[in-house]
Amino acid sequence: MTEQTVIWHCPSNLAIVKYWGKHGNQLPNNASISMTLKESKTITSLSWKRKNREEEPILDSFLFEGNENPAFKQKLEKFLTGLQAEVLSFLKHYTLSIKSRNTFPHSSGIASSASAMGALALCLCSMEKELFEPDMADDIFYRKASYISRLGSGSASRSVYKQWAVWGNHPDFLGSSDDFAIPVYQEVHPVFTTFRNDICIVSEQEKSVSSSAGHQLMVNNVYAPARYQQANARVHELHRALKSGDINTFIAISESEALTLHALMMCSEPSYTLLEPTSLKMISLVQNFRKKSGQPVCFSFDAGPNMHLLYPAEIKDIIKDFLDNEIYPLCVEQRVIKDGIGDGPYREK
Ligand code: PMV
């Protein structure tokens with residue numbers, strides 16, 4: 001039996017209302033909304049062959065950025081074995097080869113697990129579609145890819161859609177679910193379809209506390225119940241702002257969400273801090289610039305020290321001066337990754 005291959009490009013995403021705290025098998029404790037990026041993506045190639053003997057491994061080879069990576073390979077084997085037991089039982093008849101690479105540097109503060117799990121899930125769904133369900137409708141295809149991505153990394157569930165996605169059951173969104181994300185771009189105001197997201201690199205160090213450990217610390221965080229309520233209320237507010245083009249509400253939610261995420265880390269037991277002094281300096285520069293200039297620019301942070309600078313595409317020339325003069329000099333090797341809202345994943349072949 002000949003080998004077949006599919007290749008998917010899948011971007012990372014940045015949550016504006018954050019998911020922080022989970023239960024069960026990667027189920028979120030509140031709903032979240034994210035923008036899907038454009039440039040920062042993972043490109044994954046999946047090849048499969050039917051097994052000749054049952055004992056053949058589920059994962060024959062794995063290359064990351066062209067090199068073997070035993071730690072990633074082991075994680076993948078575990079993930080694929082779990083999928084074969086539950087969601088994709090046909091996998092037990094196949095042996096897979098996977099190659100993966102990112103368009104952005106490792107540890108640059110971009111959620112690589114979101115793009116990596118998204119790309120892999122899309123490849124697996126294409127494999128299933130090709131082998132068994134050629135008529136699978138697009139909405140079912142992406143929902144399944146989102147479901148599988150979520151099992152690998154919660155935030156990855158949102159990466160399979162273009163522009164904007166919501167994950168988690170929420171009364172505002174018909175069909176929303178804790179199991180998978182759904183797209184929301186259909187109703188978004190034009191100003192929020194071209195937003196820029198410049199990622200200002202403060203540190204390239206590996207995070208001192210992983211996201212999994214961070215989610216776990218929410219279990220005993222005394223503020224957790226109030227936080228989940230706040231996040232769900234903010235999903236409602238942000239949804240309203242995205243539809244009406246209300247940038248001021250967007251700015252207020254984006255900044256408070258980023259600070260809340262890091263505040264939750266700081267008041268966990270044991271407590272920890274991922275923001276750096278330079279991150280705080282950047283926060284005040286952005287806020288001062290906004291006050292002085294009146295321009296609609298704001299920040300967000302993921303679980304790390306690197307600042308995401310967010311603004312509508314039409315003010316990019318005004319922001320360029322601010323970036324050049326005030327932000328670039330603070331970045332590691334003056335590095336800023338220029339990104340923005342993108343059109344979602346696509347299949348190469
Ligand atoms: O998907 P995970 O388990 O790596 O969690 C990521 C959580 C945040 O990136 C901090 C927020 C989010 O909603 O993406």
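How each quantity is defined
- Residues numbered from 1 in each chain as written.
- Predicted model: local features only at pLDDT ≥ 70, side-chain atom pairs only at ≥ 80, totals over all residues.
- Heavy atoms only, no water.
- Pairing = 2+ DSSP bridges.
- Helix = DSSP H or I, 4+ residues; strand = E, 2+ residues; numbered from the N terminus.
- Axes fitted to C-alpha atoms, helices over the stretch in contact; angles between N-to-C directions.
- Contact = heavy atoms within 4.5 Å.
- Salt bridge = Lys/Arg side-chain N within 4 Å of Asp/Glu carboxyl O.
- Phe/Tyr/Trp six-rings, centres within 6.5 Å; stacked < 30°, edge-to-face > 60°.
- Buried < 20%, exposed > 50% of the residue type's maximum accessible area, 1.4 Å probe, protein only.
- Lys NZ or Arg CZ within 6 Å of the ring centre and 35° of its normal.
- Parallel < 35°, antiparallel > 145°, perpendicular 65-115°, else oblique.
- Left-handed = near helix turned anticlockwise from the far one by under 90°.
- Near = heavy atom within 4 Å.
- Polar contact = N/O pair within 3.5 Å; in protein donor to acceptor, adjacent residues only side chain to side chain.
- Areas by Shrake-Rupley, 256 points an atom, 1.4 Å probe, with all protein chains shown as cover.
- Expected span 1.5 Å × (residues − 1).

K.L.:
Tell me about the sheet that holds strand 13 (residues 336-340), and name the residues and values.
P.N.:
Working definition: the strands of a sheet are paired by backbone hydrogen bonds and lie parallel or antiparallel to each other. The strand order across the open sheet formed by 4 strands is 11-12-10-13, and the pairing between neighbours is antiparallel. Looking at which strands have only one partner, the edges of the open sheet turn out to be strand 11 (298-301) and strand 13. With direction set aside, neighbouring strand axes in the sheet form an average angle of 25 degrees. Note: strand 10 (residues 196-200) against strand 12 (residues 307-311), 5 bridges, orientation antiparallel. The partner of D198 across the bridge, within strand 12, is L309. Helix 6 (residues 247-266) rests against strand 11 and strand 12 of the sheet, and its axis sits at about 30 degrees to strand 11. Strands in contact with helix 7 (residues 277-293) are strand 10, strand 11 and strand 12; relative to strand 11, the strand with the most contacts, it is inclined by about 155 degrees.

K.L.:
Describe the pattern of salt bridges, naming the residues involved and giving the relevant values.
P.N.:
A side chain with one charge may pair with a side chain of the opposite charge, provided their charged atoms come close. Counting across every chain of the model gives 13 salt bridges. Taking the shortest distance from any N to any O, the salt bridge between R53 and E55 comes out at 3.4 Å. Between K338 and D198 there is a salt bridge whose closest N-O contact spans 3.2 Å. A residue pair is termed long-range when its members are at least 10 positions apart, and K338 in strand 13 and D198 in strand 10 qualify at 140 residues.

K.L.:
Break down the packing of aromatic side chains for me, with residues and values.
P.N.:
This model, assessed by the stated rule, comprises 15 aromatic pairs. Consider the rings of W8 and F141, whose centres lie 5.9 Å apart with planes at 25 degrees: the pair is stacked. A residue pair is termed long-range when its members are at least 10 positions apart, and W8 in strand 1 (residues 4-17) and F141 in helix 3 (residues 138-152) qualify at 133 residues. Like W8, the residue F141 is buried in the burial classification. Geometrically, the ring pair formed by F195 and F250 is edge-to-face, given 5.0 Å between the ring centres and 65 degrees between the ring planes. Note that F195 is positioned in the loop between strand 9 (181-183) and strand 10 and F250 in helix 6, a separation of 55 residues in sequence. Taken together, the aromatic side chains of W8, F141, Y142 and Y161 make up a single cluster linked through ring pairs. R150 extends its terminal NZ or CZ atom over the ring of Y147, reaching a point 4.9 Å from the ring centre. In this structure, K162 packs its charged tip against the face of Y185, placed 4.7 Å from the ring centre.

K.L.:
Give me the packing of helix 7 against helix 8 (residues 316-327): which residues, what numbers.
P.N.:
One can describe the packing of helix 7 onto helix 8 by two numbers: an axis separation of 12 Å at closest approach and a directional angle of 140 degrees. Classified by the angle their axes make, helix 7 and helix 8 are oblique. The way helix 7 lies across helix 8 gives a crossing that is right-handed. Packed against helix 7, whose contacting residues are M282, L285, V286, F289 and K292, the element helix 8 presents I318, I319, F322, E326 and I327 at the interface.

K.L.:
Please set out the site of the ligand residue by residue, giving values where relevant.
P.N.:
Surveying the vicinity of the ligand reveals 13 residues, the closest of which are Y19, S155, R158, H215 and D302. The separation between an oxygen atom of the ligand and a polar side-chain atom of S153 is 3.0 Å. Separating an oxygen atom of the ligand from a backbone N or O atom of G154 is a distance of 3.4 Å. In the complex, the protein chains occlude 92% of the 380 Å² of accessible area that the ligand would expose alone.

K.L.:
Please provide a residue-by-residue account of helix 6, values included.
P.N.:
Between the first and last C-alpha of helix 6 there are 29 Å, a value that for 20 residues agrees with the 28 Å anticipated at 1.5 Å per step. Counting buried residues along helix 6, 14 of its 20 residues qualify, which places the element largely inside the surrounding structure. Its side-chain oxygen placed 3.3 Å from the backbone nitrogen of N248, D246 serves as the N-cap of helix 6.

K.L.:
Describe the environment of C267, and please don't skip the residues or the numbers.
P.N.:
In this structure, C267 sits in the loop between helix 6 and helix 7. The partly exposed category is assigned to C267, whose relative accessible area is 30%. The sequence separation of C267 and W167 amounts to 100 residues, and the corresponding C-alpha distance is 25 Å. Beyond its immediate stretch of four places on either side in the chain, C267 contacts N221 and Y223.

Take it as geometry only, folks, not as evidence of what the structure does.
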